[in-house]
Amino acid sequence: MTTAPAPHSTRYLPEIDGLRALAVVLVLLCHARFSAVAGGYIGVDVFFVISGYVVCRSILDGQQADTFSLKQFYTRRLKRLAPALLLVMAATLVFCLVYNFPGSNLTLLKSIRAVLLLNANIFLARQTGYFDLQADKHPLLHTWSLSVEEQFYLVVPLLLILVARLRASVKLALVAGLWAAALAWSWSDVSRATPGAYFYLQGRLFELLCGVVLVFALRSFPVTARRAWYDVLLLAGLAVILVCGSRYHASTTMPGINALWPCLGAVLVIVGIEGARYCRGLLNNRVAVFLGKISYVLYLWHWPVIFAFGRLGWHSAGAMTAALGLSLVLAVATHYLVENPLRRARWSPLKTFVLLFLLPVLTVVVLLQVARKTDNFMAWYPARYQQDNAEAGSTVFDRPRAKQCWSQVGVTPAAQCTVGNAASPRKAVLLGDSHAYHLIDFMDQLGQEHGLAIHDMTFTMCAPIENSPARAGDPGFQQHAEECREHGRNTIAWVLSQPEISLVFMSAVWDLYHNTGTGAGVQPTGHGFMPGQINTELALTISKLQAAGKRVVFLDDLPLLPVQLENCVSNRVYLPGHAHDDCSFPRAEADVRYRDIDAILSDLRARFPLTARLHTYDVPCDAQRCHADIAGTGLYAHNDRGHLGAGGSAIYYRAYRKRHPGELEQALSELP
């Protein structure tokens, strides 16, 4: 039977570009939200395997020919990666300066700086989770994978230099052992829900090492088999990749073991491509090879273009298809006009370093300083932009007091964290989560009008109860669950120990802690709540507070904006054609969510008649519709559907008083 020669000589393999094409197409379709490839993000895992394989093979070939140089290696990498990247980041910044919000632009500049300093993955890990609801607000989110590869490029040449003089079998054993250790590390990080596990090099290292191990394995044990087996391997590898791309989804834990399968698929394809007779055309046809050659610039452009379309309000499947088409056009142009010419430029290592690294870094440092001095360039924006930024571009969470008074596990200092009439002998506290703290201006005005000193001690995503669940339903929230439980015990114990406190205000995203599950197999919520648990724990907490002579007053939250109305009021200013947008939605939609809130608070009011309730929820609503603004002032913060901006915080109390005259007086009438 005919057998293939030992595969993977140093010659160019067009099928590798074909595999790159498959990987980038999967990523693009996934990011464009085509549900059939919800797991298309595994294209990045395939890229990592290819990168490990190609870079390792190149270095070993250079070592064998005695032509390898670290200086030349890093120079080539810089010329290969930096020009297109700099162009895309510059274009993204220009777009965002015109159409995005100033506060977001400061984050963008910091993100660009992180990309240039090769730690975008670390920066983004501290900003967002890859699948978080706010992830699509990061126009350079996709650069995390570039930083992972760049960090790998810093390390792998040194590793290969260190092992250069060892026997081939020892080299293979060492890199295989390193691969196994890296896989174990990744699996451990994922199973413990370690923050940043998705983004960090240590979690992804085994994927890159798959390609390295493959190079050493093929050089130590050349494969010679019947050609049909190469076709089988190639098809099997493609099948594994495609199955992962179609079956994985946003909640699939990555990387760890789940990332191993698409990596093994890529390994099978690489092993099979040289000897395959019948299936090579799947990867070495002209279209696939060309897409592979431009895969890097296509990957660079696609996410900023998708971000731009989303920012302009174009979210449909047709719009996403157009976004991918525009990304392809930009990628082709960049490939021929920027990438190829500069890649071939005969620049010295010093000139390359200065033009493609040092100068861009210095430019971004200067821009960051200018941004900080000019309130994120706000000084040069028109007055209507400045007004919107003042109302919606900042929140109470951005103020200096938040560093001391917001989301502290322990009891906050009363001297710094008291609002209202701080000198009043009538003492109160504010407990709850972020939907309590964003009403701090509300509480301040309430306290001043009614002579109350209100000490706030609120904590993110933490219900105002003494004993929150010890175990989170989502392992990613476990650390938070432990902090929340400690916070609840600290604050309730402190309130009970202070006889001068007569009033306890409670506010929260009440339905966040409501588990609507039924049946024997019901699971806890992400924060660990079982059905009825929030009511039970609130009742236990209120019982203790009332026994100590303290009265509880509930605030029943405010409406959550529908997705399509996020930034609606601000978009009237920032986006062309949106000046007359209707930023309201049917009252019936708000009422649907309110049912769960009302059920919780009505139950507790029935059990504890001495409690009171302030109806803050319907303040921006009339009989038919709820509005994102009141008298032209936007209520909600930029990129936020649930929290008040500074403008909304300032006016919400007076709007509440107008909407429910006399309710507050009745709630406070039984105070001593």
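Because the structure is a prediction, the values reported are computed rather than measured. (Residues numbered from 1 in each chain as written. Predicted model: local features only at pLDDT ≥ 70, side-chain atom pairs only at ≥ 80, totals over all residues. Heavy atoms only, no water.)

Chemist: Can you help me understand the overall build of the protein in this one?
Modeler: The secondary structure content of the protein amounts to 25 helices and 10 strands. Expected size for 672 residues packed as a compact globule is a radius of gyration near 26 Å; at 29 Å, the protein falls within 12% of this value. Overall, the C-alpha framework of the protein stretches about 95 × 55 × 45 Å when taken along its three principal axes. Expressed as a percentage of its 672 residues, the buried residues of the protein come to 54%. With 58 positive and 48 negative side-chain charges, the protein shows a separation of 12 Å between the mean positions of the two kinds. (Helix = DSSP H or I, 4+ residues; strand = E, 2+ residues; numbered from the N terminus. Rg over C-alpha atoms; globule rule 2.2 N^0.38 Å. Buried < 20%, exposed > 50% of the residue type's maximum accessible area, 1.4 Å probe, protein only. Lys, Arg positive; Asp, Glu negative; His and termini not counted. Charge placed at Lys NZ, Arg CZ, Asp CG, Glu CD.)

Chemist: How should the packing of helix H3 (residues 70-99) against helix H4 (residues 102-116) be read in this particular structure?
Modeler: The description of two helices packed together rests on the angle between their axes and the distance between the axes. Between H3 and H4, the least distance of the axes is 10 Å, while the angle of their chain directions is 175°. On the basis of their axis angle, the class for H3 and H4 is roughly antiparallel. On the side of H3, the interface is formed by Leu85, Leu86, Met89, Thr92, Leu93, Cys96 and Leu97, while H4 contributes Asn105, Leu108, Leu109, Ile112, Val115 and Leu116. (Axes fitted to C-alpha atoms, helices over the stretch in contact; angles between N-to-C directions. Parallel < 35°, antiparallel > 145°, perpendicular 65-115°, else oblique. Contact = heavy atoms within 4.5 Å.)

Chemist: Would you mind showing me how to read the state of the cysteines here?
Modeler: In protein chemistry, a disulfide is the covalent bond that joins the sulfur atoms of two cysteines. Applying the stated criterion across every chain, the model contains four disulfides. The side chain of Cys405 participates in a disulfide bridge whose partner is Cys417; the two sulfur atoms lie 2.0 Å from each other. On the sign convention where negative means left-handed, the S-S torsion of about -85° between Cys405 and Cys417 marks this disulfide as left-handed. With Cys405 in helix H17 (residues 402-405) and Cys417 in the loop between H17 and strand S1 (418-420), this residue pair connects regions lying 12 residues apart in the sequence. The residues Cys405 and Cys417 share a single accessibility class, namely buried. Each disulfide pairs two cysteine sulfurs, and for Cys621 the partner residue is Cys626, the sulfurs being separated by 2.0 Å. The S-S bond linking Cys621 to Cys626 shows a torsion near 100°; that makes this disulfide right-handed. Just as Cys621 is buried, Cys626 falls in that class too. Across the protein, the way the bonded cysteines pair up, counted in sequence order, is 1-2, 3-4, 5-6, 7-8. Here Cys263 is not disulfide-linked; the sulfur of Cys210 is the nearest cysteine sulfur, at 4.7 Å. (Disulfide = S-S within 2.5 Å.)

Chemist: Explain the environment of Val240 here, please?
Modeler: Take Val240: it is sitting in helix H9 (residues 227-247). Between the C-alpha atom of Val240 and that of Leu268, which follows or precedes it by 28 residues, the distance is 9.2 Å.

Chemist: For this particular structure, what's the right way to read the environment of Thr321?
Modeler: Relative to the helices and strands, Thr321 is located in helix H14 (residues 317-344). Thr321 sits in the partly exposed class, given a relative accessible area of 46%. C-alpha of Thr321 to C-alpha of Leu28: the two residues are 293 residues apart in sequence and 9.9 Å apart in space. In terms of polar contacts, Thr321 uses its side chain to reach the backbone carbonyl oxygen of Ala317, at 2.9 Å. (Polar contact = N/O pair within 3.5 Å; in protein donor to acceptor, adjacent residues only side chain to side chain.)

Chemist: What exactly am I supposed to notice about the pattern of salt bridges here?
Modeler: For the structure shown, the criterion picks out 24 salt bridges. Linking Glu339 and Arg80 is a salt bridge whose minimum nitrogen-to-oxygen distance equals 2.4 Å. Highlighted residues: Glu339 in helix H14 and Arg80 in helix H3, separated in sequence by 259 residues. Its relative accessible area of 2% is what places Glu339 among the buried residues. Put simply, Asp629 and Arg572 hold a salt bridge, and the shortest N to O gap is 3.5 Å. In this pair, Asp629 sits in strand S9 (residues 629-630) while Arg572 sits in helix H22 (residues 568-574), placing the two residues 57 residues apart along the sequence. Here the residues in one salt-bridge network are Glu449, Arg654, Arg657 and Glu665, joined through shared partners. (Salt bridge = Lys/Arg side-chain N within 4 Å of Asp/Glu carboxyl O.)

Chemist: I would appreciate a short explanation of the sheet that holds strand S7 (residues 612-614) in the present structure.
Modeler: Strand order in the open sheet formed by six strands is S1-S3-S2-S4-S5-S7, and the pairing between neighbours is mixed. Each edge of the sheet is formed by a strand with only one pairing partner; in this case those strands are S1 and S7. Within the sheet, the average angular offset between the axes of one strand and its neighbour, ignoring direction, is 30°. Where S1 lies against strand S3 (residues 453-456), three bridges are found, and the strand directions are antiparallel. Across the sheet, Gly420 pairs through a bridge with Ala453, a residue of S3. (Pairing = 2+ DSSP bridges.)

Chemist: How should I be thinking about the pairing of strand S5 (residues 551-555) in this particular structure?
Modeler: Looking along a regular strand, one sees the side chains alternate between the two faces of the sheet. A large share of S5 lies buried, amounting to five of its five residues. What you see with S5 is no split at all: Arg551, Val553 and Leu555 on one side and Val552 and Phe554 on the other are buried throughout. Sheet topology note: the strand S4 (residues 501-507)/S5 ladder contains five bridges and is parallel. Looking at S5, one finds that Val504 is bridged to Val552. In this view, the connection linking S4 to its parallel neighbour S5 by way of helix H21 (residues 533-547) has right-handed handedness. Judged from the three bridges that link them, S5 and S7 form a sheet pairing that is parallel. From the neighbouring strand, Leu555 faces S7, where its bridge partner is Leu614. (Right-handed = clockwise from strand over helix to strand, strands pointing away.)

Chemist: Would you explain the side chain of Glu207 in this entry?
Modeler: Locating Glu207 in the fold gives a position in helix H8 (residues 201-220). When residues no more than four places from it in sequence are discounted, the contact partners of Glu207 are Asp45, Phe48, Val49, Pro255, Ala259 and Cys263.

Chemist: Sorry, what's going on with the pairing of S3 here?
Modeler: Of the two faces of S3, the one holding Ala453 and His455 and the one holding Ile454 and Asp456 are both buried throughout. Note that strand S2 (residues 427-432) and S3 share four bridges and pair parallel. In the sheet register, Val429 faces S3, and the bridge partner there is His455.

Chemist: Whenever I open this one, helix H12 (residues 286-293) confuses me. Can you help?
Modeler: For an α-helix, the turn length of 3.6 residues means that residues three or four places apart are oriented alike. Within the sequence span of H12, burial applies to Ala288, Val289, Leu291 and Gly292. Considered in projection along H12, the buried side chains sweep an arc of 165° and stay on one side of the axis. For H12, the exposed residues set more than 90 degrees away from the buried face come down to Arg286 and Val287. Against helix H1 (14-31), helix H11 (281-284), helix H13 (295-311) and H14 lie the buried residues of H12. Put simply, Asn285 is the residue that caps the front of H12, since its side-chain oxygen is 3.2 Å from the backbone nitrogen of Val287. (Arc of directions from axis to C-beta.)

Chemist: Would you explain the packing of aromatic side chains in this entry?
Modeler: Applying the stated criterion across every chain, the model contains 25 aromatic pairs. Following the ring pairs from residue to residue traces out a cluster consisting of Phe48, Trp144, Tyr198 and Phe199. We note Arg77 situated over the ring of Tyr153; from NZ or CZ to the ring centre the distance is 5.0 Å. Taking the ring centre of Phe101 as reference, the NZ or CZ of Arg311 above it sits at 4.5 Å. (Phe/Tyr/Trp six-rings, centres within 6.5 Å; stacked < 30°, edge-to-face > 60°. Lys NZ or Arg CZ within 6 Å of the ring centre and 35° of its normal.)

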